[in-house]
2 protein chains.
Amino acid sequence: MTYCVAMCVDEGLVFLSDTRTNAGVDHISTARKMSVFEVPGERMLVLLGAGNLSLTQAVLHELSEPTGPSRPTLWTVSTMADAARVVGQAVRDVHQREANALQEFGVDFNCSFILGGQIGDGDEGVAQPRPRLFMVYAAGNHIESSRVNPYFQIGESKYGKPIIDRVLVPSTPLDEAAKCALISMDSTLRSNLSVGLPLDLLVYQKDTLKVTRFVSIDQDNAYYQMIHRTWGERLRQVFSEIPEPDWQSTGDVPQNGHVGEMVLYRPPGALHMDADRGTPGADVRAAQTLAQADKPKARG
Amino acid sequence: MTYCVAMCVDEGLVFLSDTRTNAGVDHISTARKMSVFEVPGERMLVLLGAGNLSLTQAVLHELSEPTGPSRPTLWTVSTMADAARVVGQAVRDVHQREANALQEFGVDFNCSFILGGQIGDGDEGVAQPRPRLFMVYAAGNHIESSRVNPYFQIGESKYGKPIIDRVLVPSTPLDEAAKCALISMDSTLRSNLSVGLPLDLLVYQKDTLKVTRFVSIDQDNAYYQMIHRTWGERLRQVFSEIPEPDWQSTGDVPQNGHVGEMVLYRPPGALHMDADRGTPGADVRAAQTLAQADKPKARG
């Protein structure tokens, strides 16, 4: 599997990808999933790919070695939306060529991409068209990020989603967005073996029209080590500082109807049977409720 | 969908389930997913179910209204392992009855269960067989939790897994395990609409052989509100306290080979082409590296 995330904030773009690829758990290898298409001063595009590696690489070949000179390419399009369509068309070309043959072997046409970047309008000193971020699906269609949804993920996205949902907004500074992406990746690495180091991190500052910062992060990277260690430690500390629940009987607090009852089964014929409810053997019991303990309980 | 989690720690067991069920996003309803089978002083079993609601309820009917008197039931088995086999057999009975008919409508036989509890050996005052926790799959087979893997999840498990992986160990006190389960649920609720309040939380203290604590948590529950608010706040605070990356050129630090290079494409025929590498249009560029900023950067 894969985990890739890209963010579009006011200051620019952040891209982060892992490099693990596997065909079964006993066939694990490393593949780069981030590709950069750059003409300094003119355009800077980043493509992240997830899914079947032969498919994502085939799409990359279509894009990096365009065939017919008449068709638009990532080098010739003048807007990011057109660039997303070029990627979508490449996916459809690969689908037409590969999907049937793969299906005979029971292999799904499984690939998805994140495309982000900025293409200048040729006028220096004037405000450039803004950086944009797209998700391109296996069917070649695409969606764009927005201010209410300023990021995309592909691959094993769920583990690392909660932290992004909590901290990322369009006004998040670039370096802070990069930190958020790394923490999201760290949570994913911790919980899922199919995602692995090294990581490719690229930060793009708006209107520079070239790669601003790029780093490949392996286990020796001091900053990632710090995040990995500190985030876990501080998370455990915050966890221990949150008060434990203090259990109170519901006699003390108002209850709203059946929501508070437990679904309880008794053995057939048991004396505890609640005949009123007409469900033989089923019973309900009044619940307790939770309050917040005044202070953390003593630990063992 | 569903999110259920159960934990087996030294002091006992914790069970937490949401109550959202849906058949498509426009058909959302509430269903209880936690069922308790209890004979106070003798046995206390909790079953959590995820998957197709008609299937999990069918299994529950098999278990709560056992038919043939000759077969073992949750009321008659003398060990938790036997109880897991009873649940597995009920799943297989339902499969035999339902699977073919469902398949004709393209509906998968999709259900899974967590079973936990303790069955006493009848001797008061003597050490009882320990509480145990099992996961029962749709095929009726099961696995048991262990000290290195003291919890099980079913349903939308990935969002809430990182926090459990970071804090839960067998020596975690019961109330702290309950708090961990609630935080795990809160992260899931935040990131996935198919999981919803109210929640059923049951805490079982070892050797009591009856439900110790049970609460149904809705949006008015003060403790859950506090967790929901505090955890997000503190997470953002910890996030902001972690130093931002400080970018340095790689000239200052040792690099290990190609790992540090960026996969960079240039337009065909561009002057930047790196002919040495034999890949027309492809280029690599030396990477930067990350250090830890001495202090958090000023915010905008």
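Remember, predicted model here, so these are calculated numbers, not experimental data.

Next up on the list: the pattern of salt bridges. Counted under the stated rule, the structure contains 34 salt bridges over all chains. Salt-bridge contacts for R132 of chain A lead to E144 of chain A; the nearest nitrogen and oxygen are separated by 2.8 Å. One end of the pair, R132 of chain A, is in strand β8 (residues 132–136); the other, E144 of chain A, is in strand β9 (residues 142–144), and 12 residues separate them in sequence. Taking the shortest distance from any N to any O, the salt bridge between E241 of chain B and R234 of chain A comes out at 2.8 Å. Here R234 of chain A lies in helix α5 (residues 222–241) and E241 of chain B lies in helix α5 (residues 222–241), a pairing that spans two chains.

What follows concerns the interface of chain A and chain B. Facing the 85 residues of chain A at the interface are 85 residues of chain B. Of the roughly 8,100 Å² buried between chain A and chain B on both sides combined, carbon and sulfur atoms contribute 61%. Contact with chain B buries surface across chain A, with R166, F239 and Y265 of chain A losing the most and accounting together for 12% of the total. On inspection of chain A and its partner chain B, the count reaches 10 salt bridges. In this structure, R266 of chain B engages E38 of chain A in a salt bridge whose closest nitrogen and oxygen atoms are separated by 3.0 Å. Counting across the interface, chain A meets chain B through 31 residue pairs in polar contact (both at pLDDT 80 or more). If one sorts the elements of the side of chain A that touches chain B by residue count, α5 of chain A sits on top with 14 residues. Taken together, the residues that form the side of chain A that touches chain B break down as 43 nonpolar, 18 polar and 24 charged.

What follows covers the sheet that holds strand β1 (residues 3–9) of chain B. Residue and element names in this part refer to chain B. Pairing within the open sheet is antiparallel, and its 5 strands lie in the order β10-β1-β2-β11-β12. A single partner strand is all that each edge strand has here, and the edge strands are β10 (151–155) and β12 (213–217). The sheet shows a mean angle of 10° between the axes of neighbouring strands, taken without regard to direction. As paired elements, strand β11 (residues 199–205) and β12 share 5 bridges and run antiparallel to each other. Across the sheet, residue L202 finds its bridge partner in β12, namely F214. Here helix α4 (residues 174–191) sits on the sheet in contact with β1, β2 (12–17), β11 and β12, set at roughly 20° to β2.

So, on to the pairing of strand β1 (residues 3–9) of chain A. Residue and element names in this part refer to chain A. Within β1, 7 of the 7 residues are buried, which leaves it mostly tucked inside the rest of the structure. In the sheet, β1 pairs with strand β10 (residues 151–155) via 5 bridges, with the strands oriented antiparallel. Bridge pairing in β10 links A6 to F152. The turn joining β1 and strand β2 (residues 12–17), which pair antiparallel and follow one another in sequence, is formed by 2 residues.

Per the counting criterion, the structure on display carries 4 aromatic pairs over all chains. Their ring planes at 55° and their centres at 5.6 Å tell us that F37 of chain A and W75 of chain A sit as a pair that is tilted. Highlighted residues: F37 of chain A in strand β5 (residues 34–39) and W75 of chain A in the loop between α1 (53–64) and α2 (80–103), separated in sequence by 38 residues. The two residues F37 of chain A and W75 of chain A agree in class, both being buried. Measuring from centroid to centroid gives 5.0 Å for Y265 of chain A and F37 of chain B, while their planes differ by 15°, and the two rings are stacked.

Turning next to the sheet that holds β2 of chain A. All names here are of chain A. Strand order in the open sheet formed by 5 strands is β10-β1-β2-β11-β12, and the pairing between neighbours is antiparallel. Edge positions in the sheet fall to β10 and β12 (213–217), since each has one partner strand and no second. For this sheet the average axis-to-axis angle between neighbouring strands, irrespective of direction, equals 10°. Lying on the sheet, helix α4 (residues 174–191) is in contact with β1, β2, β11 (199–205) and β12; it crosses β2 at an angle near 20°.

Attention now goes to the relation of the copies chain A and chain B. The relation between the two copies of this chain is a rotation about an axis and a shift parallel to it. Laying chain A over chain B is done by rotating through 180° and shifting 0.0 Å along the axis; what remains is an RMSD of 0.0 Å. Interpreted geometrically, this transformation is the action of a two-fold axis. Using C-alpha coordinates, one finds that chain A approaches the rotation axis most closely at Y159 of chain A, a distance of 2.3 Å. Mapped onto chain B, 100% of the interface residues of chain A are again interface residues, and the two copies thus contact each other with one and the same surface.

This part covers α2 of chain A. Given 3.6 residues per helical turn, the α-helix brings residues three or four places apart onto the same face. For α2 of chain A, spanning 24 residues, the distance from its first C-alpha to its last is 32 Å, which sits close to the expected 34 Å at 1.5 Å a residue. When the local axis directions of α2 of chain A are compared, the greatest deviation, roughly 40°, occurs at Q96 of chain A.

With that settled, consider unusual backbone geometry. All names here are of chain A. Here the bond from L197 into P198 is cis, since omega is -5°, no more than 30 degrees from zero. Tracing the sequence through the fold places P198 in the loop between α4 and β11. Of note, the phi angle at L209 is positive, near 55°, even though the residue is not glycine. Take L209: its relative accessible area is 5%, and that puts it in the buried class.

Below, the discussion takes up the state of the cysteines. Residue and element names in this part refer to chain A. Counted according to the given criterion, the structure contains 0 disulfides over all chains. Here C180 is not disulfide-linked; the sulfur of C8 is the nearest cysteine sulfur, at 14 Å. By relative accessible area, C180 is classed as buried at 0%.

Core analysis: the biggest nonpolar cluster contains 74 residues, and M7, L182 and L201 of chain A together with M7, L182 and L201 of chain B have the highest contact counts within it. Discounting chain neighbours no more than four positions away, the residues touching M7 of chain A are G12, L13, V14, L133, P150, Y151, I164, L168, A177, C180 and A181 of chain A.

Helix length check: α4 of chain B, at 18 residues, gives a terminal C-alpha distance of 26 Å against a target of 26 Å (1.5 Å per residue), a fit within 8%. Where burial is concerned, most of α4 of chain B is hidden: 17 out of the 18 residues are buried.

This part covers the side chain of D93 of chain B. Of note, D93 of chain B is situated in helix α2 (residues 80–104). The residues touching D93 of chain B, leaving out its near neighbours within four places in the chain, are E62 and R71 of chain B.

Calculation criteria
Residues numbered from 1 in each chain as written. Chains lettered and ligands numbered in written order. Predicted model: local features only at pLDDT ≥ 70, side-chain atom pairs only at ≥ 80, totals over all residues. Heavy atoms only, no water. Salt bridge = Lys/Arg side-chain N within 4 Å of Asp/Glu carboxyl O. Helix = DSSP H or I, 4+ residues; strand = E, 2+ residues; numbered from the N terminus. Contact = heavy atoms within 4.5 Å. Buried area = accessible area lost by both parts, 1.4 Å probe. Polar contact = N/O pair within 3.5 Å; in protein donor to acceptor, adjacent residues only side chain to side chain. Nonpolar A, V, L, I, M, F, W, Y, C, P; charged D, E, K, R; others polar. Pairing = 2+ DSSP bridges. Axes fitted to C-alpha atoms, helices over the stretch in contact; angles between N-to-C directions. Buried < 20%, exposed > 50% of the residue type's maximum accessible area, 1.4 Å probe, protein only. Phe/Tyr/Trp six-rings, centres within 6.5 Å; stacked < 30°, edge-to-face > 60°. Least-squares fit on C-alpha atoms with pLDDT ≥ 70 in both. Expected span 1.5 Å × (residues − 1). Bend = angle between axes of the 7 residues up to and from the residue. Disulfide = S-S within 2.5 Å. Core = buried A, V, L, I, M, F, W, Y, C linked by side-chain atoms within 4.5 Å.

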